Each structure stands twice: as structure tokens, then as C-alpha cells.
Amino acid sequence: MKFVLMGITPANDLVVENLTTLKPKPKDEDLIFGKVYTDRMLLREYKNGAWQTGRILPYQNFSLDPATLVFHYGQEIFEGLKAFRQENGDVVMFRPDENAKRFALSARRMMMPEVPEDYFLKSINKLINLEREWVPKARGNALYIRPTMIATEAILGVKPSDEYYFFTILSPSGPYFKEGFSPTRIKVEDHFVRASIGGTGEAKAGGNYAGSLMAAERAKEDGYSQVLWLDAKEMKYVEEVGAMNIAFVLDNEIITPRLTGSILKGITRKSVLQIAKDLGYKMTEKDITIDTVVETIESGNLTEIFGIGTAASIAPVGEIKYKDKNLSVNDGKVGPTTQAIYDRLIGIQYGSVEDKHGWIHLVE
Ligand code: PLP
Ligand code: COI
């Protein structure tokens, strides 16, 4: 089923400013993740207790007072979603309603005003419609959409800002991992933690990512592309990866850690739970300890591991490192379950597989 997002209504007004110069568009084969941005962006300011008229304007810098709150205390949230060019030429977004909801959840957690979900959807639809020529054609490439909110009041007191920018930029992008859809190496972090129960892990807040950098850089120095985080209290249960959720194929069951409050509620994860069901796999959300992961890789019962996220799509894991152990998963090759889930997800996104669940939103 395809949903048509209606034009912007006067109540949700949005002004489109003139564009005088166009940037050259990159070739599909040159795209990497998040390096080039389209000609236009969306900006809506919040001040005097209300959202102001939104604007679609030429992509440009912000001019902000050095005392602006976001620079000091990091009151910032973001989203990540994609628009795909389907085989018949349609430009579609994948489950943008879910991103709108999670953006509101993140806003509440970080004491920021909510962007009405309807405005989030319609304004982003309008922006992409204007920028549709930027949506890449090749499978594996997509237009990455980055809605963001920052605190813009200039004051040094620690408090929720009275003023905000909600903005969205678009980036024609290639695969998140340079290796593309081929097995990646992941390091289990046994010292630092990403999030704890009661913290901000469930919000998509910039600060969560800043706090993860030291572990991620150390893992990179050792040749690993991401960190696998454990729970903060016992360092025992697997939580998620740097930019994706995670799943294990163990004794023919797909297991993904349950959402405890410290894990990001991934939209791709939610979709994969449904896809697994559609394909006849048993997929369960439950606690899994790192000791179980290690033991069952060694015993041969754990046959596949894959990451799940918007930017990363389905990312096969070919090796994990935990303490002094380096464990190869499925001989470093893509396993059949990972491949089947990837094929179904990508098929729905690029239009070669029927969208039975109404996940695809036509941009028009
Ligand atoms: N976990 C983290 C920490 C992420 O940054 C992401 C990416 O957004 C995900 C999981 C996957 O979430 P989603 O599938 O909604 O992109
Ligand atoms: C996404 O998958 O959209 C993300 O936000 C991951 C990352 C680039 C932070």
C-alpha cells in the first residue's frame, strides 16, 4: 500500500525560498555515506512559545551566538531515515511516520518542544519532492534524511532552551560501511558503556554519540568497524552496536536484545521482526549474555550475527572480539538468514517486493 502525503496545509505553513544556483550532483558510483548535501534545507524556528513559519531555503550555514545553549550543554536530537528511488522511478520514504514518533519521544526526553508528527512528515515530504533529482538510482544508494533539533537560546544557565531550530538536510549516500554488504568486524566493549537504565540511551540525542567516540576510535585503531555495547550495570548482556541494533542466529532462532530503556528503539529492527515472521523464521526479543554469544560461537550453535539500522541496513558480522578472544562467525561469510532478511528489506525499499505492511510512503 502506498500512502500519499498531502501538500502542506495553511495551518502548517511552509514557505519555499528561491534557489539561484545549483550544485553539481555526484555520480552514483562516487557516493559514500553523508558527505554531500543537496541544494535546499528545511528550517523552522521555535520562539515565544510557538513554532514559526517553516522555510525551505538554499542549503546554508547558521550564524549563532557563541553562548548558544547547544554548544555548551548539548541539547540536541536527530533522526535518520532514507528515501529510495524505486525501480519504476517513484521516490519513496521508508516508515517516516516511525521517525516522526521517535523524534517526538527524543524531544520529550531532552525537554524540547515536539514537532507535530504531521508537520514533520509533510515538510520533509515537500523538501524531498523539491530535491527528488538528488535521490540516487543505484541499489544500495539512497537519499539519507537528517532531521535535527538544536537549542538556540544564547544563555549560559543550565536549563531547557526557550528557542530552537528544527532543520532537515539531505545527503545522497552510499553504504554506511566501506565494505558494503559484506561481513564487518566488531569489538565488544568491556570497559566503557553507552547508556544506562534511566539515562538517555532511548533518545536519539547527539550526546549519546559523543560519549561513544572514545571506545569507537579505540576499536577502529584495532581494525574493528564498530563497538558492541554491553549493559551498564553488569557488563553482561548485549545491547546494541554503535549505529545499529543487533541480532544473532542461534539454534535456528533469531534473537535480538529486548528493549530495556537504554537501547535505541530501531525502526529497522522493528521491521526485521516483522520480516522474519513473514519469512517463517522464529525471531525473539530477549536478553542474551555475551558469555552465551562466545560459548555458542565456539560450540557452532551460533551461526550468524547481523546489525540492523537505517544507515547500515543489514550488516553481516564476520568476526567479533571479546577480551582476548577473536571469534569468526560463519567463517567470515554472509549467512543464509542474513541474506534472506537483507533481500526482503531491500526488495521492499527499492520496490521489487510487495509492501504488504504499508511501510512505503510515496513522495509527491
Ligand atoms: N542503535 C543506534 C545507536 C543507532 O544510532 C541506530 C541508527 O539509527 C540504530 C540503533 C538503528 O535504528 P534505526 O533502525 O531506526 O535506524
Ligand atoms: C542511522 O542509521 O540513521 C543513524 O543515525 C546512524 C548514524 C549515522 C548515527
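Located above this text is the structure these notes cover.
Residues numbered from 1 in each chain as written. Chains lettered and ligands numbered in written order. Predicted model: local features only at pLDDT ≥ 70, side-chain atom pairs only at ≥ 80, totals over all residues. Heavy atoms only, no water.

Caption draft 1: Broad picture of the site of ligand 1. The local shell around ligand 1 holds 17 residues, among which Arg102, Tyr209, Glu240, Thr268 and Thr310 are the closest. The separation between an oxygen atom of ligand 1 and a polar main-chain atom of Ile267 is 2.8 Å. Thr268 places a polar side-chain atom, nitrogen or oxygen, 2.5 Å from an oxygen atom of ligand 1. Out of a free accessible area of 380 Å², ligand 1 has 96% covered by protein chains. Among the cavities detected, the one that contains ligand 1 is the largest pocket. Of all the secondary structure elements, the ones that give two or more residues to the shell around ligand 1 are β13 (238–241), α6 (267–278) and β17 (302–309). (Near = heavy atom within 4 Å. Polar contact = N/O pair within 3.5 Å; in protein donor to acceptor, adjacent residues only side chain to side chain. Areas by Shrake-Rupley, 256 points an atom, 1.4 Å probe, with all protein chains shown as cover. 1 Å grid on protein atoms, 1.4 Å probe; cavity = no way out; pocket = protein on both sides within 12 Å on 5 of 7 lines; lining within 4 Å. Sits in = over half its atoms within 2 Å of the grid points. Helix = DSSP H or I, 4+ residues; strand = E, 2+ residues; numbered from the N terminus.)

Caption draft 2: Spotlight on the nonpolar core. Judged by nonpolar contacts, the single largest core of 43 residues is most densely connected at Ile77, Met93, Val115, Phe120, Ile128, Ile145 and Met149. Sequence-distant contacts of Phe120, defined by excluding residues within four places in its chain, comprise Glu79, Pro96, Asn99, Ala100, Phe103, Val115, Pro147 and Phe166. One finds Leu250, Val294, Leu302 and Leu327 within the second-largest nonpolar core, a separate group that totals 26 residues. (Core = buried A, V, L, I, M, F, W, Y, C linked by side-chain atoms within 4.5 Å. Buried < 20%, exposed > 50% of the residue type's maximum accessible area, 1.4 Å probe, protein only. Contact = heavy atoms within 4.5 Å.)

Caption draft 3: Molecular detail of the site of ligand 2. The full set of residues close to ligand 2 is Phe33, Phe78, Gly80, Tyr144, Arg146, Tyr176, Lys204, Tyr209, Ala243, Thr310 and Ala311. With respect to ligand 2, the side chain of Lys204 contributes an N or O atom lying 2.8 Å from an oxygen atom. Ala311 places a main-chain nitrogen or oxygen 2.8 Å from an oxygen atom of ligand 2. For ligand 2, the protein covers 90% of the area, taking 280 Å² as the surface of the free molecule. When its residues are assigned to classes, the shell around ligand 2 shows 7 nonpolar, 2 polar and 2 charged. (Nonpolar A, V, L, I, M, F, W, Y, C, P; charged D, E, K, R; others polar.)

Caption draft 4: Unusual backbone geometry, seen in detail. Of note in this structure, Arg95 is not a glycine but carries a positive phi near 50 degrees. One non-glycine residue, Asp331, lies in the positive phi region at around 55 degrees. Within the secondary structure layout, Asp331 lies in the loop between β19 (325–328) and α8 (336–350).

Caption draft 5: Seen up close, the layout of surface pockets. One number sums up the size of the largest pocket: a volume of about 910 Å³. Every residue lining the largest pocket is counted, 42 residues in all, and those nearest its centre are Tyr176, Tyr209, Gln226, Gly242 and Ala243. Going through the elements one at a time, β9 (142–151), β11 (184–188), α4 (206–210), α5 (213–221), β12 (226–230), β13, α6 and β17 are the ones with two or more residues in the lining of the largest pocket. Per element, the largest residue contribution to the lining of the largest pocket is 4 residues, and it comes from α5. A class-by-class count of the residues in the lining of the largest pocket yields 19 nonpolar, 13 polar and 10 charged. As a volume, the second largest pocket reaches approximately 340 Å³. If you trace the second largest pocket, you find 29 residues lining it, with Lys82, Thr310, Ala311, Ala312 and Ser313 closest to the centre. Those elements that place two or more of their residues in the lining of the second largest pocket are β7 (81–85), α6, β18 (313–322) and α8. Partitioned by chemical class, the residues of the lining of the second largest pocket number 18 nonpolar, 10 polar and 1 charged. Two domains each put at least three residues into the lining of the second largest pocket: domain 1 (2–173) and domain 2 (184–350). (Points joined across faces, edges and corners; volume = space filled by probe spheres on them. Domains from an automatic or database assignment.)

Interpretation in functional terms is not warranted from these geometric data alone.
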